[in-house]
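Chain by chain, the residues:
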Amino acid sequence: MSKFVKNYMIKMDDIIREGDPILRTVTEPVNIPPSKEDREEMGCMMQFLKNSQDPVIGKKYKLRAGVGLSANQIGLNKRMFAALLTDKHGNDVEYALYNPKIVSHSTAMIYMPESEGCLSVDRAIQGYVPRYERVQLKAYNHQGTELTLKFKGFDAIVMQHELDHLNGIMFYDHINKDNPFKLPENVDISSLYE
C-alpha cells in the first residue's frame, strides 16, 4: 500500500535525491486504465506541483518550485509523471501522463541558457542541456484514453526532462563532459530565450 493516498501532502523529504538507484531505474509501465492507487499517487504529485508553485504554501513548507515530477522521484517504479505548465494566457495547464513516450520530434534543438534544475538535485549544475525544440507524445490519461500531445519550447524541455527520469536518465547526463558549454555540432540549436 502506497503512502501517497488522497490527502497525503508530498514535501521535500519525500523527494528522492540523486544517488538513489531508483533514479537510475527504467520504470515499469502502468496498467491501463490506471488503478485507483496510481491515480491517487498522481494526484499527490500534481498537488505537490501546485503547492510548490504557490508562494504562500511553498514558503510555509519550504518547497522548491517545480513544473514536473516523475513517479520515481518519490520512490515509485512506475511510468508516469505530472507536469504543471502555463499557457500563453498565463493559465495553469495540468498534465497527468501514464506510459508517456515520444513518437516524433524536430531536428532543431534548444537549450536553457541557465541549465536545467531538478527537484532531485540539490546542487547547482552549470552547462547546456540540448533538447528537441518540438516533441509529440503519446500517453494515457486517468481514464485510460490514449492522448497525442504536441509541445514546443519550454514545455517540450519539461516533457523530455520528465521522460528522461522514467528512463533512468538525469538532465546532466546530456551536458558535454569535457566542456559543459559546448553545444552539439552540425545541429540547428538555439537558446530558448533568443
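Residues numbered from 1 in each chain as written. Predicted model: local features only at pLDDT ≥ 70, side-chain atom pairs only at ≥ 80, totals over all residues. Heavy atoms only, no water.

Quick word on the overall build of the protein
Alright, step 1. What the protein contains, in helices and strands, is 3 helices and 8 strands.
Alright, step 2. Counting from the amino terminus, helix and strand elements in the protein follow one another as α-α-β-β-β-β-β-β-β-α-β.
Alright, step 3. A compact globule built from 194 residues should have a C-alpha radius of gyration of about 16 Å, and the protein, at 16 Å, falls within 12% of that.
Alright, step 4. If one aligns the C-alpha atoms of the protein with their principal axes, the spans along those axes are about 50 × 40 × 35 Å. (Helix = DSSP H or I, 4+ residues; strand = E, 2+ residues; numbered from the N terminus. Rg over C-alpha atoms; globule rule 2.2 N^0.38 Å.)

A few points about the sheet that holds strand 5 (residues 131–132)
Alright, step 1. Judged by pairing direction, the sheet is mixed, and its 3 strands sit side by side in the order 5-4-8 without closing on themselves. Taken across any chain shown, the strands that pair with only one partner, and hence form the sheet edges, are strand 5 and strand 8 (189–191).
Alright, step 2. The pairing of strand 4 (residues 109–111) with strand 8 spans 3 bridges and is parallel. Pairing of I110 across the sheet is with S190, part of strand 8. (Pairing = 2+ DSSP bridges.)

What to know about the UniProt feature "active site" (unreviewed entry) in the protein
Alright, step 1. Feature annotation in UniProt places "active site" (unreviewed entry) on E162, given in this structure's numbering.
Alright, step 2. Not counting residues within four places of it along the chain, the set of residues in contact with E162 comprises G68, L69, S70, Q73 and F81. (UniProt positions renumbered as here; feature names shortened; annotations may be inferred. Contact = heavy atoms within 4.5 Å.)

Structural notes on the sheet that holds strand 2 (residues 80–86)
Alright, step 1. Overall, antiparallel pairing links the 5 strands, which are arranged 1-2-3-6-7 in an open sheet. Edge positions in the sheet fall to strand 1 (68–70) and strand 7 (146–152), since each has one partner strand and no second. Each neighbouring strand pair of the sheet contributes to a mean axis angle of 40 degrees, computed without reference to strand direction.
Alright, step 2. With 7 bridges connecting them, strand 6 (residues 134–140) and strand 7 associate as antiparallel partners. Counterpart to K138 in the pairing with strand 7 is T148.
Alright, step 3. The sheet contacts of helix 1 (residues 36–53) involve strand 1, strand 2 and strand 3 (92–105), and relative to strand 2 the element is tilted by about 30 degrees.
Alright, step 4. Running over the sheet, helix 3 (residues 153–166) touches strand 1, strand 2, strand 3, strand 6 and strand 7 and is turned about 165 degrees from strand 2. (Axes fitted to C-alpha atoms, helices over the stretch in contact; angles between N-to-C directions.)

Topic: the pattern of salt bridges
When the charged atoms of two side chains with opposite charge come close together, those side chains can pair.
Alright, step 1. Across all of its chains, the model carries 13 salt bridges by this definition.
Alright, step 2. Residues E37 and K78 are paired through a salt bridge, measuring 3.3 Å at the closest nitrogen-oxygen approach. Taken together, the residues E37 in helix 1 and K78 in the loop between strand 1 and strand 2 connect sequence positions 41 residues apart.
Alright, step 3. The exposure class assigned to E37 is partly exposed, which follows from its relative accessible area of 33%. (Salt bridge = Lys/Arg side-chain N within 4 Å of Asp/Glu carboxyl O. Buried < 20%, exposed > 50% of the residue type's maximum accessible area, 1.4 Å probe, protein only.)

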